[in-house]
Amino acid sequence: MRILSTRGHLQVLSLCAALLVAGCGGLRTAKVPLDTTLEKSTCTANADTLLVMLPGAYSHPDEFVREGFVSALNDNRLAVDVVRVDAHLGYYNNKTILERLGQDVMAPARSQGYKSIWIVGISVGGFGALLYAQTHPGELAGLVTLAPYLGERGLSTDIANAGGIARWTGPLSDPPGSDPRTPNETQLWQWLRGYVGASATFGARPPLYLGYAVDDRFAFSHRLLAAALPADRVFTTQGGHDWPEWTRLWRRMLPTLPLPGCPG
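In this text, all values refer to a predicted model and were calculated from it rather than measured experimentally.

So, the nonpolar core
With 50 residues, the main nonpolar core has Val52, Val85, Ile119, Leu143, Trp189 and Leu192 as its most contacted residues. For this core, the leading source of residues is helix H6 (residues 124–135), giving 7 residues. Core analysis: the second largest hydrophobic core is formed by 25 residues, Leu51, Trp118, Leu254 and Leu257 among them.

Laid out in structure tokens, this is it:
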């Protein structure tokens, strides 16, 4: 599967199967611009740090509120604003996710004076966060990916068989049908190799924090990525691929993130 190949009607079916959702009947149409909701900090009127929250394929951004992601920021007295983005699977299917994030979220944020922008992505939202960081070097201050979708199992198996991400090099050329607007999964993993050890390119990549449950259906891929990251940026919990696990991970990760605290 190359979910960002030119075979758009097939790629979304493959991604739906990978995410184990109940069919594709719920696929929504991608609108322009993206729907966003801004949550202002409760402890400062002029936060200069923004967290961009990207949900899973069929999740609604309001679930970040319902599941306590926003209230956890207040509990930890963090002086950050949040923008919840309705970046559903339709934007990945039509290959406009990076364009829309750039035009509808990032550009307005910079014009509003935010100096530090993080992306927090869950499942396919984590995939989108990584793609954005890969294609927009230097723009992000950090990434938090919770149970990110990282491509098909076959690709992860190839990486594992090569001895892990540090030894895997990938193909010498791009696969047929690659779309220049968005990198494919193989290109993403090649970019992720820059996080290995003391690579000279590490400084060009935003700090990456990974959280996943040990029985998550994507945990095989998560463990491969975890091996490339500093131990203090990897968090695990019991369970599978659902909100209770992601909320536990988020609350554990928040105190470790280099985010500004409330004044006083």
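Examining the environment of Gly126
Relative to the helices and strands, Gly126 resides in helix H6. According to the relative accessible area criterion, Gly126 is buried, its value standing at 0%. Spatially, the C-alpha atom of Gly126 lies 6.4 Å from that of Leu146, the residues being 20 residues apart in sequence. Other than its neighbours up to four places away in sequence, Gly126 contacts Gly121, Thr145 and Pro148.

Observations concerning the side chain of Asp81
Topologically, Asp81 is positioned in strand E3 (residues 81–85). Asp81 sits in the buried class, given a relative accessible area of 0%. Looking at Asp81, its side chain comes within polar contact range of the side chain of Lys40, at 3.1 Å. A polar atom in the side chain of Asp81 sits 2.6 Å from the side chain of Tyr114. Non-local contacts of Asp81, meaning those with residues more than four positions away in its chain, are made with Leu38, Glu39, Lys40, Ser41, Ala47, Thr49, Leu50, Leu51 and Tyr114.

Observations concerning helix H7 (residues 153–161)
Taken together, the buried positions of H7 are Leu155, Ser156 and Ile159. An end-on view of H7 places all buried positions within 100° of arc, on one side of the element. Where H7 ends, the next residue or the one after it, Gly163, has phi of about 100°, a positive value.

Thoughts on the packing of aromatic side chains
Inspection of every chain in the model, using the stated rule, returns 9 aromatic pairs. A ring pair is formed by Trp118 and Tyr209, whose centres lie 6.0 Å apart and whose planes are at 35°; its orientation type is tilted. Here the residue Trp118 occupies a position in strand E4 (residues 116–122), and Tyr209 occupies one in strand E6 (residues 208–213), the gap between them amounting to 91 residues. Residue class for Tyr209 comes out buried when judged on its relative accessible area of 6%. Between Trp191 and Tyr195, the aromatic rings sit 5.6 Å apart at their centres with planes inclined by 85°, giving edge-to-face as the arrangement. Accessibility expressed as a relative area gives 11% for Trp191, which makes it buried. Each residue in the set Phe64, Phe69, Trp243, Trp246 and Trp250 is aromatic and connected to the rest through ring pairs, giving one cluster. Across from the ring centre of Phe220, 3.8 Å away, lies the NZ or CZ of Arg153, which sits over that ring. The ring centre of Phe218 lies 5.6 Å from the NZ or CZ of Arg217, which sits over that ring.

Cut-offs applied
Residues numbered from 1 in each chain as written. Predicted model: local features only at pLDDT ≥ 70, side-chain atom pairs only at ≥ 80, totals over all residues. Heavy atoms only, no water. Core = buried A, V, L, I, M, F, W, Y, C linked by side-chain atoms within 4.5 Å. Buried < 20%, exposed > 50% of the residue type's maximum accessible area, 1.4 Å probe, protein only. Helix = DSSP H or I, 4+ residues; strand = E, 2+ residues; numbered from the N terminus. Contact = heavy atoms within 4.5 Å. Polar contact = N/O pair within 3.5 Å; in protein donor to acceptor, adjacent residues only side chain to side chain. Arc of directions from axis to C-beta. Phe/Tyr/Trp six-rings, centres within 6.5 Å; stacked < 30°, edge-to-face > 60°. Lys NZ or Arg CZ within 6 Å of the ring centre and 35° of its normal.

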